[in-house]
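Structural description and commentary
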Amino acid sequence: MKLGVFPAPIAGELLYGVLARHGFLAGSPNAAEHATELFGRRSAVATFDLPSGLDALASRLPDCSGLDGGALLRHTLFPFYAAFQPAEAREAAAFDMRAANAPNVHHRLGVAAFRIRPDGVLRFCPACIETQREEHGFATWMVAHQLPGLPVCAVHGKWLRESLVTRASVGRHGYAAPSNDNCPTGASFGDGPEAPRLIVELAGAAAAIATGESPAQPLSHWRDHYVARLAGVGLMRSQRKVDQKALNDGLAGYWSTALPHLPPVCSSFGEVGWAAAMVRGHRKAMHPLLHLLMEGFLEHLEGGGALPEGPAGAMVMARSTNARSLAADVRTGRAPRLDWPALDERLRREIAEQAAAVLALSPPVRVTPAEVERRVAKAGWFGKRRRKLPLATAALRAVEEPLAAFRRRRVIHWASELGPACRPWEVMRAAGLRSEHLPMIRAAVSERAAASAGR
């Protein structure tokens, strides 16, 4: 069955954003029916980065759309992850995405093994959203804003911000477009000093490969490619050996202003660092961001730039003391002293604020230490600092919502959504509960009805 209407994707738009716009235009009543309308099956998962079932989706689009499975691929993170992959990995991943075998895609492209992990939350640039609303009349998600490890919008040079749209907040099958509610523009960890020029250029290079199509090369190609270029700029100890110390010093020095804002693995140099592995022979795929760091450095030298100085194996210390920056801090000898008591008290307050924010989400999301910790810092961050942050650690443990209370809250939410004439089994299905919970559902619905009647 063909869709009656489907929005035309704009350049660089994330497929998830296109499908969210379709749900609004088509007036889809719920996530399951929307998934069935798009893919022909209600179990289709709404994936941010590497969705599957693209051929099934393309077959249901209006003929005038001109979109097939291959065209839809270009609105996902597939071009970014495939940029430095061999042809066989690309073809296998593309096949899985166009078919319905999503679990294999992250393994085909090596994403599952990368140390640079996606955040699991959609990001946005407030300036881009404002421009989209002026030019197109709507706001949407962009591919370039979702690239793992890149915290800057290359178009405006502004720090990206995290939305409130996660798999937990919208469900496995739901699509949410940017809005004033889920894209808050108040103070955030991304506020502060202007983004360094180099990190903006790096984001631009990443956006270029994420929206383009580079030729496929075998993994063995990249070692020879980089060694030849290093020889051209004089960073070889002999005809076959790279001057590892000079290379690591140069990379650390050249990217010194950007490294505090990038994932910690980017600052891992030395004998077991990523740069050494890159020029010693590729036995496995490496994250595109690491390739871009090497490419940017080599382009600087090939353009006549000086070789920066920096200690081999050094890591640049981030200057900020907020939780999200501290989670990515890397060391250069002795770290600066932190006011741990002040930080402890501030994080305690922030944990309470974020717990309240999770509690206010609709549809309801369970308030758990893991969910709050992800919003304040990142997974596992407090566990490593629990002795220095006793107040924050205790506050994090205390926010956990009992499962029974969460189930009841979901029942009340869906009873309200479905209306006064709803039946208990309808609430059970909407809330994702089982028949064993029907007594609780009946009691909660009855209490809600009685409270409404008494007003």
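Residues numbered from 1 in each chain as written. Predicted model: local features only at pLDDT ≥ 70, side-chain atom pairs only at ≥ 80, totals over all residues. Heavy atoms only, no water.

Some thoughts on the overall build of the protein chain
The number of helices and strands found in the protein chain is 21 helices and two strands. Residues classed as buried in the protein chain amount to 50% of the 455 residues present. By sequence separation, contacts in the protein chain at least 24 residues apart represent 68% of the contacts at least 6 residues apart. For the protein chain, the accessible surface area stands at approximately 22200 Å², while carbon and sulfur atoms represent 54% of it. (Helix = DSSP H or I, 4+ residues; strand = E, 2+ residues; numbered from the N terminus. Buried < 20%, exposed > 50% of the residue type's maximum accessible area, 1.4 Å probe, protein only. Contact = heavy atoms within 4.5 Å. Areas by Shrake-Rupley, 256 points an atom, 1.4 Å probe, with all protein chains shown as cover.)

A word on the pairing of strand S1 (residues 121–124)
The alternating pattern of S1 places Val121 and Arg123 on one face and Leu122 and Phe124 on the opposite face, and all of these are buried. The sheet contact formed by S1 and strand S2 (residues 161–166) spans three bridges and is antiparallel. Looking at the pairing, Phe124 lines up with Arg161 of S2. (Pairing = 2+ DSSP bridges.)

Quick word on the environment of Glu213
Topologically, Glu213 is positioned in the loop between helix H10 (197–210) and helix H11 (219–232). The class for Glu213 is exposed, based on a relative accessible area of 72%. The spatial distance from the C-alpha of Glu213 to the C-alpha of Phe80 is 8.8 Å, given a sequence separation of 133 residues.

Observations concerning helix H16 (residues 340–359)
The first and last C-alpha atoms of H16 sit 28 Å apart over 20 residues, in line with the 28 Å expected at 1.5 Å per residue. Burial in H16 covers these residues: Trp340, Leu343, Asp344, Leu347, Glu350, Ile351, Ala355 and Val358. All buried residues of H16 project into a common sector of 145 degrees when viewed along the axis, lining one side. Within H16, the exposed residues directed more than 90 degrees away from the buried face are Pro341 and Glu353. (Expected span 1.5 Å × (residues − 1). Arc of directions from axis to C-beta.)

Some words on the environment of Arg397
Take Arg397: it is sitting in helix H18 (residues 390–398). For Arg397 and Pro369, which are 28 residues apart along the polypeptide, the C-alpha to C-alpha distance reads 6.0 Å.

Topic: the pattern of salt bridges
One pass over the full model with this rule turns up 18 salt bridges. Linking Lys2 and Asp63 is a salt bridge whose minimum nitrogen-to-oxygen distance equals 3.3 Å. Here the residue Lys2 occupies a position in the segment before helix H1 (15–26), and Asp63 occupies one in the loop between helix H3 (54–60) and helix H4 (69–73), the gap between them amounting to 61 residues. With a closest N to O distance of 2.8 Å, Glu271 and Arg280 form a salt bridge. With relative accessibility at 55%, the residue Glu271 sits in the exposed group. Relative accessible area serves as the criterion here: at 45%, Arg280 is assigned to the partly exposed category. (Salt bridge = Lys/Arg side-chain N within 4 Å of Asp/Glu carboxyl O.)

A short note on the side chain of Arg60
Take Arg60: it is sitting in helix H3. Although Arg60 lies buried, it forms no salt bridge, and the closest oppositely charged side chain, Glu37, sits 7.9 Å away as judged by the N-O distance. A polar contact of 3.0 Å, which involves the side chain of Arg60, links it to the backbone oxygen of Glu37. Not counting residues within four places of it along the chain, the set of residues in contact with Arg60 comprises Met1, Lys2, Leu3, Thr36, Glu37, Leu38, Phe39 and Gly40. (Lys, Arg positive; Asp, Glu negative; His and termini not counted. Polar contact = N/O pair within 3.5 Å; in protein donor to acceptor, adjacent residues only side chain to side chain.)

Things to note about the packing of H16 against H18
Between H16 and H18, the least distance of the axes is 7 Å, while the angle of their chain directions is 15 degrees. When the interaxial angle is binned, H16 and H18 end up roughly parallel. At the point where H16 passes H18, the crossing takes the left-handed sense. Between H16 and H18, the residues in contact are Asp344, Glu345, Leu347, Arg348 and Ile351 and Pro390, Leu391, Ala392, Ala395 and Leu396, respectively. Of the residues in the contact of H16 with H18, the class split is seven nonpolar, no polar and three charged. (Axes fitted to C-alpha atoms, helices over the stretch in contact; angles between N-to-C directions. Parallel < 35°, antiparallel > 145°, perpendicular 65-115°, else oblique. Left-handed = near helix turned anticlockwise from the far one by under 90°. Nonpolar A, V, L, I, M, F, W, Y, C, P; charged D, E, K, R; others polar.)

Topic: the packing of aromatic side chains
Using the criterion set out here, one finds nine aromatic pairs in the structure. Taken together, Tyr16, Phe48 and Tyr175 form an aromatic cluster joined through their ring pairs. Over the face of the ring belonging to Phe138 we find Arg21, whose NZ or CZ atom lies 4.0 Å from the ring centre. (Phe/Tyr/Trp six-rings, centres within 6.5 Å; stacked < 30°, edge-to-face > 60°. Lys NZ or Arg CZ within 6 Å of the ring centre and 35° of its normal.)

What about the confidence of the model for the protein chain?
Across the protein chain, the average pLDDT comes to 85, with 89% of residues at or above 70. Below pLDDT 50 for its whole length, residues 311–336 participates in 62 contacts with residues either more than four positions away or in separate chains. (pLDDT = per-residue confidence, 0-100.)

A look at the packing of H11 against helix H14 (residues 288–302)
Packed helices, taken two at a time, are described by their axes: the angle between them and the distance between them. One way to put it is that H11 packs onto H14 with a least axis distance of 10 Å and a crossing angle of 25 degrees. If you check the angle between H11 and H14, you find them roughly parallel. As H11 runs across H14, the sense of the crossing is left-handed. From H11, Trp222, His225, Tyr226, Arg229 and Leu230 reach across to H14, where they touch His291, Met294, Glu295, Leu298, Glu299 and Glu302.

A few points about a nonpolar patch on the surface
On the surface, Val5, Phe24 and Leu25 cluster together to form a nonpolar patch covering roughly 340 Å² of accessible area. As for its position among the elements, Leu25 is in helix H1. (Patch = residues over 30% accessible without salt bridge, like charges linked within 9 Å, V, L, I, M, F, W, Y side chains within 5 Å.)

Observations regarding the nonpolar core
Most often, soluble globular proteins have nonpolar side chains that are buried together. One finds Tyr16, Leu247, Trp255, Trp274 and Met294 to be the most contacted residues of the largest nonpolar core, which totals 93 residues. In this structure Met294 touches Tyr226, Leu247, Leu251, Trp274, Ala275, Met278 and Val279, once residues within four positions along its chain are discounted. Core analysis: the next-biggest nonpolar cluster, separate from the first, contains 19 residues, Val358, Val372, Trp381 and Phe382 among them. (Core = buried A, V, L, I, M, F, W, Y, C linked by side-chain atoms within 4.5 Å.)

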